[in-house]
Amino acid sequence: MCCLLVTAWPGFAEAEANVDLQAIESFVRENMDDGNIPGLSVVIVQGGQETYKKGFGYADTSAQQLVEHSTLFELGSNSKAFTGLAVLQLVGQGKIKLDEPVQTYLPWLRLMYRGDPANVTVEQFLHHTSGLPFQTIGDIEASTADDALEQTVRKLDGYELANRPGEVYEYATVNYDVLGLLVQTVSGRHYETYMAEQVLQPLGLSHTVLRTGPEALPGLATGYKPGFLSALAYDAPTYRGNTPAGYLVSNADDMEKWLRFQLGLEQHPDLSPLIEQSRLPDRSVKPYYDGSSYAAGWQVYQKGSGEIAHGGNNPNFSSYIVFRPEDQLGVAVLANMNSAVTAAIGQGIMDMMLQKTPVLQKDLYQQVDTVAVVVIALLVPMSLVTLGFLVLLLRQVRQGTRQFTGNGKKIALGAGLAFVFLAGFTACLYKLPDVLFSGLPWGFVYVWTPCTLFLAIGAVSLTVLLLCLYFLLSFFFKKNQDRALFALIVLGLASGFGNAFIIFVINKALQARETFNSGLFLYFVMGIVLYVFGQRLIRTRLIDITNRAVFDKRMELINKILRTSYQKLQSLEEGKIQASLNNDTETVSRFSNIVVTSITSLITLVCCFVYLGYINLFGLLASIAVVAVAVGLYLAVGNAANRLWEETRDIQNVFFKFILDLNKGFKELYLHQGRRNAFRQDMEESCDTYREKRTRGDMKFANVFVIGELLFTFVIGGVAFLFPLLFTDVETETLVSFVFVFLYMTGPLHNVMNGFPELLRVRISWQRIQQLIDELSQLEAEAAPALEVAAASVAKTELQGLELRGVEYRYKAGGAGQEFQVGPVDYSFHPGEVVFITGGNGSGKSTLSKLITGLYAPDGGEILLNGERMSPETLGQHFATVFSDFYLFEKLYGIDYEAKREELERHMKVLQLEEKLTVQDGVFSTIRLSTGQRKRIALLISYLEDRPVYLFDEWAADQDPEFREFFYLTLLPEMKRRGKLVIAVTHDDRYFHLADRVIKMELGQIANQEE
């Protein structure tokens, strides 16, 4: 707003007064702009010098009418001094006695204290020690009736006093309405008539009138109140019944005269002594919280030579008068908007004239308007988004994507919780005046507060109702694997806000002057409910989502591993799969707790920062600067720590390889002390490297954490020690609130800072899982389709022949860099024959076995099954095998064991296993058996698989002679009779005569074939 300076009276002696008028005018303009005050009139009286009077801004913004010295303003509670003067005038005339109970003059007015009648004297009404509470202002009704004043006072009949009369100074505007009626009753004339004839006219206040109706007074400025971050014209109701306490109308000219009478610069033979008497305070009771004692319409402060002041506020006007009789200095400020800034301007001018730094003051209604606008700006889009998700949910219900899962108990639970929550929410809304407006009724709040408050309440109510409906419907209608991200975001916001809201309420309760505020307590409970239930729901949901994501990733890894060829899987770094499936997925599973704690704490911090800005802008800037430094340090350290933690993650692969070696080679380690010690040394070095790098990464964050703690401590110390020196206008209460909130913020800040390194670890693990998935996806690309086709067709295949044409396989042998090659091999196998493969160590027989079974893909040549070229993946599905390094599963996977129950029991008996183990639901009772017995179980499983081709790799090597003969003399001939192709890798030359053909391998080639 542009504050225009109009009518000026240049006679004010600036040099003599040692006052910088330009600074005063700049101060007025700046505060008008900050307070969005449309128009202002300033009066300064000093000794015998000419009065300084200036008008600033507009009396009517729409008409662009400037404020002039004749512009009228409602005085608000500065009307009380005139009513007090009238009472003292009647006291001087002997018509009223100050120590007489008011019932002497108003016998029908009964006041009660703790159930008993209370006698309240006229003097106690005059000094606000009657026991009537401040909240009685909310009982004053709008009225223009001639008897409005009496009706206002009659509402007090039978009223229960808050304090014993004469013991506590508690400002209650209705006290002066009682005095106004007392003046009217004792004088026998209407209050307005008496005041005009006996007070205003004798003092020459010809422009001061008493407002009795809504009709416009000539020259009266348009009243405003805050709304949408500006000033909105507002036609307030008329409260004729409150005229003695707040509805005199005056202008700068009359305020000049009024100040001159107060300073003794002008005299009235009858009224001047009474004016001086009206400034005598009642010091028999404890001063008000601001240090003032009350006189007859004035607050008296013990500042220097003595300072007397009073503010006045009506729904759309405000005023402030302050003067120092001993210094012959007085200031009056009139404004056409209800704002605490008016008093700040008036008191600031007085302080500047006394060479003091003015104290800034925030206006509650302006702050309410700002908060309301922010709430509206946030919640209107939120309501629309919620409505969109609600429509989507209803569409999903109609389409059947969501299914009703409710029952009587669930419906009752959901409806009950919704009812309790909405009841609590409604109670909180109802108690809002208790929290913000000293317990005044909603009617008062509607008249005095910005319209945006009620729009904000409507936005909050609409959003809460829509969210409640959304959560209720989503509770009854479930969707499979519904991540409900919208619900999680809402719960996170609610939980974080509830956590911050708790500290706001506690801080407000500590500042409150009453011992117990039920509204604040209710809000405290609501904050706890929002935080606790929000945390409970979001943690439950995120835990489910995170574990579902971990499950999905594990299954994705497992599926890709199972769809990868054996040969390609062997190319992966040993320990890499175990580290990802175990460590990485477990690290990722901690994501839910980290995210919930960090996001809730972050939202709490944001809310606290907003509150700090509300308390003190400079403190907010200092806090943001500290947080920015801390975040910058964390980001810088995070890059270095991330590299170290990447290296520690690589070490985990090595560590899992050591674990595999430890498990598989424990016999060798146990039997050789030197080997065991050397192995332990390697493991220790690996673990120590992991420890050292992990410690270095953690220490970097620990150092930054300590620095962040130190910075926060410096901020708190700066607020406590430096702010009072740098910002002298900041009140102690503000500093205490700031430190209190800042100390509360340290907990959420720690959570966010601690969560950052944890999130880095989660990110590393997630990236490693994804890298492994991508790597497996490349390995899987060729194998997966063939596996699917082979699995579907193997049961229908009747073996006619297996042929190797020029099959070759090459690989690096050890670290020498020389290639070892098997092949080229040309050979044909036929169903119903037994073929033995023999050869020395390193001859290539095992490699040839893996080529035949499809575990290895040939580098050259081709393998044909029934005359058709077969991929290794398809080829392998036709084999039942028992390799020398076989692995025995505890369960009969892929075998319909119920259908083959009789066959299973018969073979167990033949293999003499029936007394060693049992099979229940396809699971072996034990596999902790000798190597020979385990091989017999593997033989049993291969027999039950009933594949066209069987390959046995040194099966008989660990068998007793009895079972070795059974294998060669019974089992192999039986399989031959069944038309199976049997290939056996063996060194039992004394059974070679049983084979149809014997292949001898040397240096990767078929050296000899015997029929």
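Residues numbered from 1 in each chain as written. Predicted model: local features only at pLDDT ≥ 70, side-chain atom pairs only at ≥ 80, totals over all residues. Heavy atoms only, no water.

**Q** An account of the domain arrangement of the protein chain is requested, with residue identities and associated values reported.
**A** If you check the domain split of the protein chain, you get domain 1 (21-324 + 339-362), domain 2 (617-729) and domain 3 (802-812 + 819-1007). Here the C-alpha centroids of domain 1 and domain 3 sit 108 Å apart. (Domains from an automatic or database assignment.)

**Q** So, the packing of aromatic side chains: which residues are in play, and what are the values?
**A** Considering all chains together, one arrives at 34 aromatic pairs under this definition. Taking NZ or CZ as reference, Lys 303 lies 4.9 Å from the ring centre of Tyr 301, over its face. Taking the ring centre of Phe 963 as reference, the NZ or CZ of Arg 936 above it sits at 3.9 Å. (Phe/Tyr/Trp six-rings, centres within 6.5 Å; stacked < 30°, edge-to-face > 60°. Lys NZ or Arg CZ within 6 Å of the ring centre and 35° of its normal.)

**Q** Tell me about the sheet that holds strand S5 (residues 73-74), and name the residues and values.
**A** Across the sheet, which stays open at both edges, the three strands sit in the order S5-S12-S9 with antiparallel pairing between neighbours. One side of each edge strand has no neighbouring strand; the edge strands of this open sheet are S5 and strand S9 (209-210). Here two bridges tie S9 to strand S12 (residues 248-250), and the two strands are oriented antiparallel to one another. Looking at S12, one finds that Leu 210 is bridged to Leu 248. (Pairing = 2+ DSSP bridges. Helix = DSSP H or I, 4+ residues; strand = E, 2+ residues; numbered from the N terminus.)

**Q** Give a detailed account of the sheet that holds strand S6 (residues 111-113), specifying residues and quantitative values.
**A** Ordered by their spatial adjacency, three strands build an open sheet running S7-S6-S8, and the pairing between neighbours is mixed. Either end of the sheet is taken by a strand with one partner, and the two such strands are strand S7 (116-118) and strand S8 (159-160). Both S6 and S7 contribute to a ladder of three bridges, which runs antiparallel. Across the sheet, the residue bridging to Met 112 is Pro 117, located in S7.

**Q** I'd like a rundown of the nonpolar core, residues and numbers included.
**A** Grouped together as the largest cluster of nonpolar side chains are 77 residues, with contacts concentrated most on Phe 82, Leu 203, Met 255 and Trp 258. In this structure Met 255 touches Val 43, Leu 75, Phe 82, Ser 250, Ile 321, Ala 332 and Leu 334, once residues within four positions along its chain are discounted. Listed in part, the 55 residues of the second largest apolar core include Tyr 523, Tyr 611, Leu 735 and Leu 749. (Core = buried A, V, L, I, M, F, W, Y, C linked by side-chain atoms within 4.5 Å. Buried < 20%, exposed > 50% of the residue type's maximum accessible area, 1.4 Å probe, protein only. Contact = heavy atoms within 4.5 Å.)

**Q** Describe in detail the pattern of salt bridges, supporting the description with residues and values.
**A** Taken as a whole, this structure holds 29 salt bridges when the rule is applied. The salt bridge partner of Lys 54 is Glu 25, with a shortest N-O separation of 3.5 Å. Of this pair, Lys 54 sits in strand S3 (residues 52-60) while Glu 25 sits in helix H2 (residues 21-35); the two residues are 29 residues apart in sequence, bridging distant segments of the chain. Connected through shared salt-bridge partners, Lys 303, Glu 307, Arg 324 and Asp 327 make up one network. (Salt bridge = Lys/Arg side-chain N within 4 Å of Asp/Glu carboxyl O.)

**Q** Any details on the environment of Glu 197? Residues and values, ideally.
**A** Tracing the backbone shows Glu 197 in helix H7 (residues 191-203). By relative accessible area, which is 36% here, Glu 197 ends up partly exposed. Linking Glu 197 and Arg 283, residues 86 residues apart in sequence, is a C-alpha distance of 32 Å.

**Q** Describe in detail the environment of Met 337, supporting the description with residues and values.
**A** By the secondary structure assignment, Met 337 is in the loop between strand S17 (329-335) and helix H11 (340-353). Separated by 277 residues in sequence, Met 337 and Tyr 614 place their C-alpha atoms 21 Å apart. With residues up to four places along the chain from it excluded, the contact list for Met 337 reads Gly 35, Asn 36, Ile 37, Pro 38, Tyr 224, Lys 225, Pro 226, Ala 231, Asn 316, Phe 317, Ser 318 and Thr 342.

**Q** Can you explain the side chain of Asp 369? Please cite residues and give values.
**A** Looking at where Asp 369 falls in the secondary structure, it is placed in helix H12 (residues 364-399). Buried charge without a salt bridge: Asp 369, with Lys 225 as the nearest opposite-charge side chain at an N-O distance of 9.9 Å. There is a polar contact of 2.6 Å between the side chain of Asp 369 and the side chain of Thr 452. Filtering out sequence-adjacent residues up to four positions away, Asp 369 remains in contact with Pro 226, Gly 227, Phe 228, Leu 229, Ser 230, Pro 450 and Thr 452. (Lys, Arg positive; Asp, Glu negative; His and termini not counted. Polar contact = N/O pair within 3.5 Å; in protein donor to acceptor, adjacent residues only side chain to side chain.)

**Q** Could you give me a rundown of unusual backbone geometry, with the residues and numbers involved?
**A** Look at the link from Gly 823 to Pro 824: it is a cis peptide, with omega at 5 degrees. Turning to its location among the elements, Pro 824 is positioned in strand S21 (residues 819-829). For Phe 228, which is not glycine, the phi dihedral falls at a positive 55 degrees. With respect to the helices and strands, Phe 228 occurs in the loop between strand S10 (224-227) and strand S11 (230-233). Located in the positive-phi region is Asp 946, a residue other than glycine, with phi close to 55 degrees. Locating Asp 946 in the fold gives a position in the loop between helix H30 (931-945) and strand S28 (949-953). Judged by its relative accessible area of 38%, Asp 946 falls in the partly exposed class.

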